[in-house]
Amino acid sequence: MCTKLNMDAWRKMFYEKIEEVKPQDSWDLKMHQNLEYNDLGPGWKRSLQEHVCASFQCSWCQHFWSSVQVVILFHVYLDQRRRTGWVKMRVYRQECYECSEGKLEEPNFKEESVQRVLENLVISIREKCYGEYVAQLSEVTVIEQHYGPHRSDHCEACWLGIHQRPKHTMYHGRPKDTVYHGTSKDTMPPVQLPSHNLPQDTISCGFEFLNLYHPGEMFVDPAFKNLQ
């Protein structure tokens, strides 16, 4: 079930995940909807997730659509002396393509999507703020299955030149189609993910998540129908 963006729920899940790996440090997560992509202060690091799954509903005509192209920007900073870290978060919006109202709508997320976003955020924090190499076990490959291309003219992140969309496979993490297993990218060979050569204008809705925590399992969500 998709729900409205609730920062208390995001914080609770984030605190639980960061506490598991960095119990000695205190971290905070706050929404900053005016956060600028290149506005990084000294010591701050950027983390961008471009292919998050969410749904939208137009507040004017009530049209409902879903997208696997939702973009979330994070700026992260760790004060190592005080053992305190901060995360600023911005969720980019989309506008309805069925009416002329043109109001940007906030996405609604399923808990599974939020969990994956935060897992990848914690990995990014460990790598960017603590200098660790983390095997990207929570990386997700989304197999496109939708009617037509992403409507970039209705996407806030696209307007700002932030969202760069691969042709077929949507991938979070290291270079496209490569997953490293083990604890060292220098000693372990990369595994090439299969290429999904699906025609962009004929793929139908309903998509699958490949969770590399359980290589034999697929999470299939057939609920997303009007995919943008």
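Residues numbered from 1 in each chain as written. Predicted model: local features only at pLDDT ≥ 70, side-chain atom pairs only at ≥ 80, totals over all residues. Heavy atoms only, no water.

1. Notes on the overall build of the protein
Stated precisely, the cut-off is as follows: Helix numbers and strand numbers start at the N terminus; a helix is a DSSP run of H or I with at least 4 residues, a strand a run of E with at least 2. Under the scheme applied here, a residue whose accessible area is under 20% of the maximum for its type counts as buried, over 50% as exposed, and between as partly exposed, the area being computed with a 1.4 Å probe on protein chains only. We call two residues in contact when some of their heavy atoms are within 4.5 Å. Residue-level accessible areas treat just the shown protein chains as cover; the underlying method is Shrake-Rupley with a 1.4 Å probe.
Within the protein one finds three helices and 14 strands. The 228 residues of the protein split such that 47% are buried. The contacts of the protein with a sequence gap of at least 6 include a subset with a gap of at least 24, amounting to 68%. For the protein, the accessible area works out to roughly 11700 Å², and carbon and sulfur atoms hold 49% of it.

2. Notes on the confidence of the model for the protein
Our working rule: pLDDT expresses how confident the predictor is about each individual residue, on a scale running from 0 to 100.
Mean pLDDT for the protein: 74, with 64% of residues reaching 70 or above. Confidence drops under pLDDT 50 across residues 137-147; counting only partners more than four residues distant or on other chains, this segment forms 64 contacts. For residues 166-225, every residue scores under 50 in pLDDT, and the model assigns this stretch 141 contacts once sequence neighbours within four places are set aside.

3. Topic: the pairing of strand 3 (residues 45-57)
Note the cut-off: Following DSSP output, two strands are said to pair if at least two bridges run between them.
When strand 3 meets strand 4 (residues 64-79), the two strands line up antiparallel, connected through ten bridges. Directly across from Lys 45, in strand 4, lies its bridge partner Val 76. In sequence, strand 3 turns back onto strand 4 through a hairpin of six residues, with Gln 62 there showing a positive phi of about 70°.

4. Structural notes on the environment of Ser 66
Tracing the sequence through the fold places Ser 66 in strand 4. Spatially, the C-alpha atom of Ser 66 lies 8.8 Å from that of Pro 107, the residues being 41 residues apart in sequence.

5. Some remarks on the packing of aromatic side chains
Put simply, the rule reads: Put simply, two rings from Phe, Tyr or Trp (the six-membered ring, in Trp's case) pair if the centres are within 6.5 Å, and we call them stacked under 30 degrees between planes, edge-to-face over 60, tilted for the rest.
Scanning the entire structure with this criterion turns up six aromatic pairs. A centroid spacing of 6.1 Å and a plane angle of 50° characterise the contact between Phe 14 and Tyr 15, whose relative ring orientation is tilted. For Tyr 15, a relative accessible area of 32% gives the class partly exposed. Between Tyr 77 and Trp 86, the aromatic rings sit 6.0 Å apart at their centres with planes inclined by 25°, giving stacked as the arrangement. When its relative accessible area of 28% is taken as the criterion, Trp 86 is described as partly exposed. Joined through ring pairs, the aromatic side chains of Trp 44, Tyr 77 and Trp 86 make up one cluster.

6. Examining the nonpolar core
We apply this condition: For the purposes of this section, nonpolar cores are sets of buried Ala, Val, Leu, Ile, Met, Phe, Trp, Tyr and Cys residues that join through side-chain atoms within 4.5 Å.
Counting residues in each nonpolar core, the largest one holds 31 residues, and the members touching the most others are Trp 10, Phe 14, Ile 72, Phe 74, Val 87, Phe 109 and Ile 125. Put simply, the parts of the chain that give this core at least two residues each are helix 1 (7-21), strand 2 (26-31), strand 3, strand 4, strand 5 (84-91) and helix 2 (111-130). At seven residues, helix 2 tops the list of elements feeding residues into this core. Contact partners of Ile 125, with chain neighbours within four places excluded, come to Phe 14, Ile 18, Trp 27, Val 76, Val 87 and Tyr 130. Core analysis: the next-biggest nonpolar cluster, separate from the first, contains eight residues, Leu 35, Cys 155, Cys 158 and Ile 162 among them.

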